[in-house]
Amino acid sequence: MTVTAASSPCLPLQGVKVLDLSRVLAGPLCAAMLADLGADVTKIERPDGGDDSRAFGPYLNGESTYFMLLNRGKKSITLDLKKEDGMAIFLKLVKQADVLVENFRPGVTARLGIDYASLHAINPRLVYVSISGFGQEGPLAQRAAYDHVIQAIGGIMSSTGWPSTGPTRVGDPIADVVSGLYGAWGALAGILQRQISGNGTHVDVAMLDAVISLQVVSLAQLMGGAPPPGLLGNAHAISAPMDTFPTTDGEIVIAVANDSLFTRLAKAIGQPELDQDPRFSSDPQRHQNQDTLKTILSAWSSTLTTQEAMTILVTAGVPAAPVNTLVDALQSPHVQERGIVKQVEHPVAGPIQIIPQPVRFNGLNPAPERAAPVLGAHTDTILHDDLELSDAQIAQLRADHVL
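Residues numbered from 1 in each chain as written. Predicted model: local features only at pLDDT ≥ 70, side-chain atom pairs only at ≥ 80, totals over all residues. Heavy atoms only, no water.

Draft legend 1. Region of interest: the pairing of strand β2 (residues 40-45). β2 sits mainly inside the fold: five of its six residues count as buried. Where strand β1 (residues 17-20) and β2 come together, four bridges link them in parallel fashion. Opposite Leu19, over in β2, you have Thr42 as the bridge partner. A crossover connection joins β1 to the parallel β2 through helix α1 (residues 26-36); in handedness this β-α-β unit is right-handed. Relative to strand β5 (residues 75-78), β2 runs parallel, the two sharing four bridges. By the bridge assignment for β5, Lys43 is matched with Ser76. (Buried < 20%, exposed > 50% of the residue type's maximum accessible area, 1.4 Å probe, protein only. Helix = DSSP H or I, 4+ residues; strand = E, 2+ residues; numbered from the N terminus. Pairing = 2+ DSSP bridges. Right-handed = clockwise from strand over helix to strand, strands pointing away.)

Written as structure tokens, this is what we have:
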């Protein structure tokens, strides 16, 4: 890890070298977030096709938009770790690395000889991040897992959906995404710990652990002796009104979590007497009578357009929002001004859009937006510049199908 002079502000992870052995979603997202913060991330891929997600549609000029979104800002080297020369190159890269990210099923890295214990012996300062479905130990550790599986077994589906339709998953792969976030968080903690102890560490991220940790309201209910919340639809486990309400041209969300906000809401809809109704006099009472309250609020909102309802509620200071599509959200003036979406130039796909990590750091310029790499695009450069291999040696490795 190279330390940059303090006189010029640098990105938080400038000088940190990361090896990304992961594929598909959680691991690649973890490594991409480190790249967003300035780390030099090298993605190691199989020569015969690379990361599985390179084959996920849709495509721009043959390049997967899925892959490009999750592997922004990285370099790509192809390497067959099952060949002796390929393993030798990999171990040389490990000696230079600060962080390694992998999401193999537990036990695979040990069979390959690249588990934490083996690589720690080569580079004691290495922060080794493992992301798996069920963690590195436990009765389910060897079981295969996808986001659907983790959402089901982790309990989050039990409160997502309506009693009339049954449980449903969160639309996007939330278990994968939060595991990637925890992986990046763990890598940063490992780097800080290493500054104190001088030694690296093994960061064990289980998707199951991660998705359970997300359910803070339901957990608080259970720990307080309350029954499981059950299928909530768009309602809230504790507060009311917190739900969706119809308009003449769509739906809105109204979110009221305290008495003063409810007073504002009652006045805003022209029914200030609701504030004095004993059924709605406190948040617990409103939650107990939320069906009745929803009927009253729906009768009001259903006579207005979304814009009309929003104008009334926002003017009154009541938290509310239209139920947007993702396209609506991305095209909103606020999101546009925040600059969440970045455009970069991909060497094959052409101009593409990416969304780097969204946290801003005061006084620091964001990382330069870089597109995801074409498979093996940096193989020769890394072998030549980082490992000092000659052109002849690289050509022989390619002839031997190591690269």
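Draft legend 2. Seen up close, a nonpolar patch on the surface. Taken together, Leu69, Ile340 and Ile355 make up a surface patch of nonpolar side chains, about 200 Å² in accessible area. Assignment of secondary structure puts Ile355 in the loop between β15 (350-354) and α16 (379-386). The exposure class assigned to Ile355 is partly exposed, which follows from its relative accessible area of 35%. (Patch = residues over 30% accessible without salt bridge, like charges linked within 9 Å, V, L, I, M, F, W, Y side chains within 5 Å. Areas by Shrake-Rupley, 256 points an atom, 1.4 Å probe, with all protein chains shown as cover. Salt bridge = Lys/Arg side-chain N within 4 Å of Asp/Glu carboxyl O.)

Draft legend 3. Structural view of the packing of α16 against helix α17 (residues 391-399). Running from N to C, α16 and α17 cross one another at 135°; their axes reach a closest spacing of 10 Å. By the angle between their directions, the pair α16 and α17 is classed as oblique. Crossing hand, α16 versus α17: right-handed. Only Asp391, Ile394, Leu397 and Arg398 of α17 make contact with α16, whose side of the interface consists of Thr379, Asp380, Leu383 and His384. Considering only residue class, the contact of α16 with α17 consists of three nonpolar, two polar and three charged. (Axes fitted to C-alpha atoms, helices over the stretch in contact; angles between N-to-C directions. Parallel < 35°, antiparallel > 145°, perpendicular 65-115°, else oblique. Left-handed = near helix turned anticlockwise from the far one by under 90°. Contact = heavy atoms within 4.5 Å. Nonpolar A, V, L, I, M, F, W, Y, C, P; charged D, E, K, R; others polar.)

Draft legend 4. Here's a closer look at the nonpolar core. Within the largest apolar cluster, 28 residues are counted, with the highest numbers of intra-cluster contacts made by Phe90 and Leu383. When contributions to this core are tallied by element, the ones reaching two or more residues are α3 (84-96), α5 (116-122), α16 and α17. With residues up to four places along the chain from it excluded, the contact list for Leu383 reads Ile77, Ile89, Glu388, Leu389, Ile394, Leu397 and Leu403. Judged by nonpolar contacts, the second largest core, of 25 residues, contains Leu13, Leu37, Ala184 and Val205. (Core = buried A, V, L, I, M, F, W, Y, C linked by side-chain atoms within 4.5 Å.)

Draft legend 5. Highlighting empty space enclosed by the protein. Enumeration over the complete set of coordinates arrives at one cavity of 30 Å³ or more. Its volume calculated, the largest cavity comes out at about 90 Å³. Taken together, Lys17, Val18, Leu19, Asp40, Thr42, Leu93, Gln96, Ala97 and Asp386 form the lining of the largest cavity. Secondary structure elements with two or more residues in the lining of the largest cavity: β1, β2 and α3. Broken down by element, the lining of the largest cavity gets its largest block of residues, three residues, from β1. Looking at the lining of the largest cavity, its residues break down into four nonpolar, two polar and three charged. (1 Å grid on protein atoms, 1.4 Å probe; cavity = no way out; pocket = protein on both sides within 12 Å on 5 of 7 lines; lining within 4 Å. Points joined across faces, edges and corners; volume = space filled by probe spheres on them.)

Draft legend 6. Focus on the pairing of strand β14 (residues 342-346). For β14 and β15, the ladder comprises five bridges, and the chain directions are antiparallel. Bridge pairing in β15 places Gln343 opposite Gln353. Where β14 folds back on β15, the antiparallel hairpin that results is connected by three residues.

Draft legend 7. Quick peek at the pattern of salt bridges. Within this structure, the stated rule accounts for 16 salt bridges. Measuring nitrogen to oxygen at the nearest pair gives 3.3 Å for the salt bridge that ties Asp52 to Arg23. Taken together, the positions of Asp52 in the loop between β2 and β3 (59-60) and Arg23 in the loop between β1 and α1 put the pair 29 residues apart, joining distant regions of the chain. Relative accessible area serves as the criterion here: at 32%, Asp52 is assigned to the partly exposed category. One salt bridge in this structure joins Arg279 and Asp277, with 2.7 Å as the shortest N-O distance. Given a relative accessible area of 36%, Arg279 falls into the partly exposed group. Of the residues examined, Asp277 reaches a relative accessible area of 16% and is grouped as buried. Via salt bridges that share partners, Asp20, Lys43, Asp51 and Lys74 belong to a single interconnected network.

Draft legend 8. Spotlight on the side chain of Gln151. Tracing the backbone through its elements, the reader meets Gln151 in helix α6 (residues 147-153). Looking at Gln151, the relative accessible area reads 0%, which means it is buried. Those residues in contact with Gln151 that lie beyond four places of it in its chain are Ile156, Met157, Arg169, Val170, Asp172, Pro173 and Ile174.

Draft legend 9. The arrangement of the environment of Glu45 in detail. Positionally, Glu45 belongs in strand β2. Taking C-alpha positions, Glu45 is 35 Å from Asn362, a pair spaced 317 residues apart along the chain. A polar contact of 2.8 Å, which involves the side chain of Glu45, links it to the side chain of Arg54. (Polar contact = N/O pair within 3.5 Å; in protein donor to acceptor, adjacent residues only side chain to side chain.)

Draft legend 10. Representation of helix α12 (residues 290-301) in the model. Helix length check: α12 (12 residues) gives 16 Å between terminal C-alpha atoms against 16 Å at 1.5 Å per residue, within 8%. Every buried residue belonging to α12 is among Leu293, Ile296, Leu297, Ser298, Trp300 and Ser301, and all of these are buried. Elements that come into contact with the buried residues of α12 comprise β11 (242-247), β12 (250-255), α10 (259-268), α11 (283-288) and α13 (306-315). (Expected span 1.5 Å × (residues − 1).)

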